Amino acid sequence: MTTTAARPLVGRRLVVLTVLLSGLTAFGPLSMDLYLPAFPVLARELHAFQAQIQLTLTADVVGLVAGQLVLGPLSDAWGRRRLLVGSTAVCALASLLCALAPSAAVLTGWRFVQGFAGGGGIVLARAVAADLTTGVAAARLFSLFMTLSSVAPIIAPVLGGLLLVWTGSWPAMFHVLAVLNAALAVAIWLSVPETLPPEDRHVGGLRRTGRAFADLLRDRAFLGYALTVAFAYASLFGYISGSSFVLQEHYGLTATQFSAMFAVNAAGMVLLGLLNARLVGRFAVRRVLVLGLLTSSVAALVLVVVTAGGSLGVLAVLLPLFVVVATRGLVSSNATVLGVERGSRAAGSASAVLGACMFGGGVLVTPLVGLGPTGSPVPMALVVAGGAVAALLATVLLTRQAADEPTA
């Protein structure tokens, strides 16, 4: 296997590369939430408090953010391939060690390592995609990536619950993650070439990295797209973290009905993500992004009105909620590809900032959903609406200078 892309990436090679990069993109969000159904079992078997088990999730998310911020810029100097192989192999080992953890504290430490390495896979997959594609082709590929990133944390608890019922063991979840990562590492070693030639790499260590971040954040349009990603994911995580309590405790859905609703919303996101790949071939990417943001904002405001009124039934809540979640398929991918293209001279750094904004936005708003009476739908609706409207404003107010560019 050579370290450079000596042959053009077309046909079967392109399909294989797309599958592998998609797997890397989905793994971080999947590993984040797969074990959520096992929290009570973990607390009992590790003799830990609920807060200690929840800290293992926080450690993973912090690792996902940190891994992207460190390994993304590092790949601009070292190249993509060896960091891809290394981070995936480390993630496989960390997953195995999570399964063997004897205490919540040890599990927390290995979850951070797992998240850090998984974050590397996410940011490096986007950097490789940015090296190989531009314009409409990039928008289509990023549409697939971001759909997977959005859907994975939604379906992961469902898969984890099935796995827990089947095996009756929480370590089995981490064994599965370890096997998946090991397979990805081998496949990457065999199939993914180096996509950043030595002459295009940047040197200069931490100072150069800091300068790259500063340059990106001084770019008004890039900052707008980064904030769009952050607020869009804040809106999505407001739904993920709050909908269970709201729909089951306040509106009386059964666990089966709630799972079905979650699946329908996830399907809507996937369908619009697939539709987005076609739309960007006919319309400007930024125009499709604004359409998705506007539709999401209107639906979110309707959600606030419905929940605040309190006199309408659950169907009046489910319909606008479906629109908000489904339109993530038109938002996240387009904001990300436009942001990466604004920072194309340092794609690794740009991908790192966007990835950190994605997970960071979700983490920061999650505690807000718990404010107010238990099961009250209003805090969730306000977080969902606030994120949707803020994402629209970030794009409309900060990215006008990019509106006339060919890729936007």
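Preceding block: the structure.
Residues numbered from 1 in each chain as written. Predicted model: local features only at pLDDT ≥ 70, side-chain atom pairs only at ≥ 80, totals over all residues. Heavy atoms only, no water.

*Asks:* Residues and numbers for the overall build of the chain, please.
*Replies:* In terms of regular secondary structure, the chain is built from 15 helices and zero strands. In the chain, buried positions account for 55% of the 408 residues. Long-range pairs, those at least 24 residues apart, make up 85% of the contacts in the chain between residues at least 6 apart in sequence. Split by element, the accessible area of the chain, about 17,000 Å² in all, is 70% carbon and sulfur. (Helix = DSSP H or I, 4+ residues; strand = E, 2+ residues; numbered from the N terminus. Buried < 20%, exposed > 50% of the residue type's maximum accessible area, 1.4 Å probe, protein only. Contact = heavy atoms within 4.5 Å. Areas by Shrake-Rupley, 256 points an atom, 1.4 Å probe, with all protein chains shown as cover.)

*Asks:* Please give an account of the side chain of T395 that cites residues and values.
*Replies:* For T395, the location among the structural elements is in helix α15 (residues 377-398). In this structure T395 comes out as buried when scored by relative accessible area, which is 0%.

*Asks:* I'd like to hear about the nonpolar core, residue by residue, with values.
*Replies:* Core analysis: the biggest nonpolar cluster contains 87 residues, and Y239, L247 and F359 have the highest contact counts within it. Among the elements that make up this core, the one with the highest residue count is helix α9 (residues 220-250) (15 residues). L247 has contacts with G252, L253, F258, M261, V314, V317, L318 and L321, leaving out every residue within four places of it along the chain. Residues L42, I53, C98 and W170 belong to the second largest nonpolar core, which totals 24 residues. (Core = buried A, V, L, I, M, F, W, Y, C linked by side-chain atoms within 4.5 Å.)

*Asks:* How would you sum up the packing of helix α4 (residues 81-99) against helix α5 (residues 104-132)? Please name residues and give values.
*Replies:* Two quantities define a packed helix pair, namely the angle between the helix axes and the distance between the axes. In the contact formed by α4 and α5, the axes pass within 8 Å of each other and the chain directions differ by 155°. Judged by the angle between their axes, α4 and α5 are roughly antiparallel. Handedness of the α4/α5 crossing: left-handed. Residues L83, L84, S87, V90, C91, A94, S95, L97 and C98 of α4 lie in contact with α5, whose contacting residues are L107, W110, R111, V113, Q114, A117, G118, G120, G121, L124 and V128. (Axes fitted to C-alpha atoms, helices over the stretch in contact; angles between N-to-C directions. Parallel < 35°, antiparallel > 145°, perpendicular 65-115°, else oblique. Left-handed = near helix turned anticlockwise from the far one by under 90°.)

*Asks:* Account for unusual backbone geometry, with residues named and values stated.
*Replies:* The backbone phi angle of H47 is positive, close to 55°, even though this residue is not glycine. As for its placement among the helices and strands, H47 is situated in the loop between α2 (39-45) and α3 (50-78).

*Asks:* Summarise the environment of L338; cite the residues concerned and give the values.
*Replies:* Tracing the sequence through the fold places L338 in helix α13 (residues 328-342). For L338, a relative accessible area of 3% gives the class buried. Along the chain, L338 and G135 lie 203 residues apart, while their C-alpha atoms are 8.7 Å from each other.

*Asks:* Go over the pattern of salt bridges, please, and point to the residues and values.
*Replies:* Between side chains of opposite charge, a pair can form when the charged atoms approach closely. In total, this model carries four salt bridges according to the counting rule given. Here D60 and R111 are joined by a salt bridge, their closest N and O atoms 3.7 Å apart. You can see D60 sitting in helix α3 and its partner R111 sitting in helix α5, a full 51 residues away along the chain. Here the two residues D60 and R111 agree in accessibility, since each one is buried. Between R342 and D219 there is a salt bridge; the shortest N-O distance is 3.1 Å. Taken as a pair, R342 in helix α13 and D219 in the loop between α8 (205-218) and α9 lie far apart in primary sequence, 123 residues in all. Looking at R342, the relative accessible area reads 22%, which means it is partly exposed. Judged by its relative accessible area of 16%, D219 falls in the buried class. Each of D76, R80 and D131 takes part in salt bridges that share partners, so that together they form one network. (Salt bridge = Lys/Arg side-chain N within 4 Å of Asp/Glu carboxyl O.)

*Asks:* An account of the environment of F142 is requested, with residue identities and associated values reported.
*Replies:* Turning to its location among the elements, F142 is positioned in helix α6 (residues 135-167). For the pair F142 and A130, spaced twelve residues apart in sequence, the C-alpha to C-alpha distance is 9.1 Å. Beyond its immediate sequence surroundings of up to four residues, F142 is in contact with R126, A129, A130, S333, T336, V337 and V340.

*Asks:* Please set out the packing of aromatic side chains residue by residue, giving values where relevant.
*Replies:* One pass over the structure, following the stated rule, counts four aromatic pairs. Centre to centre, the rings of W170 and F174 are 6.1 Å apart; their planes meet at 85°, and the pair counts as edge-to-face. The same class applies to W170 as to F174, namely buried. Pairing Y233 with F237 gives two aromatic rings, centres 6.4 Å apart and planes at 40°, and the pair type is tilted. With Y233 and F237 both in helix α9 and four residues apart, this pair spans about one turn of that helix. With relative accessibility at 11%, the residue F237 sits in the buried group. Directly above the aromatic system of W189 lies the positively charged group of R81, at a separation of 4.5 Å from the ring centroid. The ring of Y35 carries the charged tip of R111 above its face, separated from the ring centre by 4.2 Å. (Phe/Tyr/Trp six-rings, centres within 6.5 Å; stacked < 30°, edge-to-face > 60°. Lys NZ or Arg CZ within 6 Å of the ring centre and 35° of its normal.)

*Asks:* Provide a residue-level description of the packing of α9 against α13, including the pertinent values.
*Replies:* The contact between α9 and α13 brings their axes to 9 Å, and the two run at 150°. Comparing the axis directions of α9 and α13 gives the class roughly antiparallel. In this structure, α9 meets α13 at a crossing whose hand is left-handed. Across the interface between the two elements, A221, F222, Y225, T228, V229, A232, Y233 and L236 of α9 pack against R328, V331, S332, A335, T336, L338, G339 and R342 of α13. Taken together, the residues of the contact of α9 with α13 break down into ten nonpolar, four polar and two charged. (Nonpolar A, V, L, I, M, F, W, Y, C, P; charged D, E, K, R; others polar.)

*Asks:* Any chance you could break down α9 for me, citing the residues and the numbers?
*Replies:* In a regular helix each residue adds 1.5 Å, so 31 residues correspond to 45 Å; α9 covers 42 Å between its end C-alpha atoms and thus fits that length. In the structure, α9 departs most strongly from a straight axis at G242, where the bend amounts to approximately 50°. Its side-chain oxygen 3.0 Å from the backbone nitrogen of A221, D219 forms the N-cap of α9. Downstream of α9 by one or two residues, G252 has phi in the positive range, about 80°. (Expected span 1.5 Å × (residues − 1). Bend = angle between axes of the 7 residues up to and from the residue. Polar contact = N/O pair within 3.5 Å; in protein donor to acceptor, adjacent residues only side chain to side chain.)

Any link to function would need more than the numbers given here.
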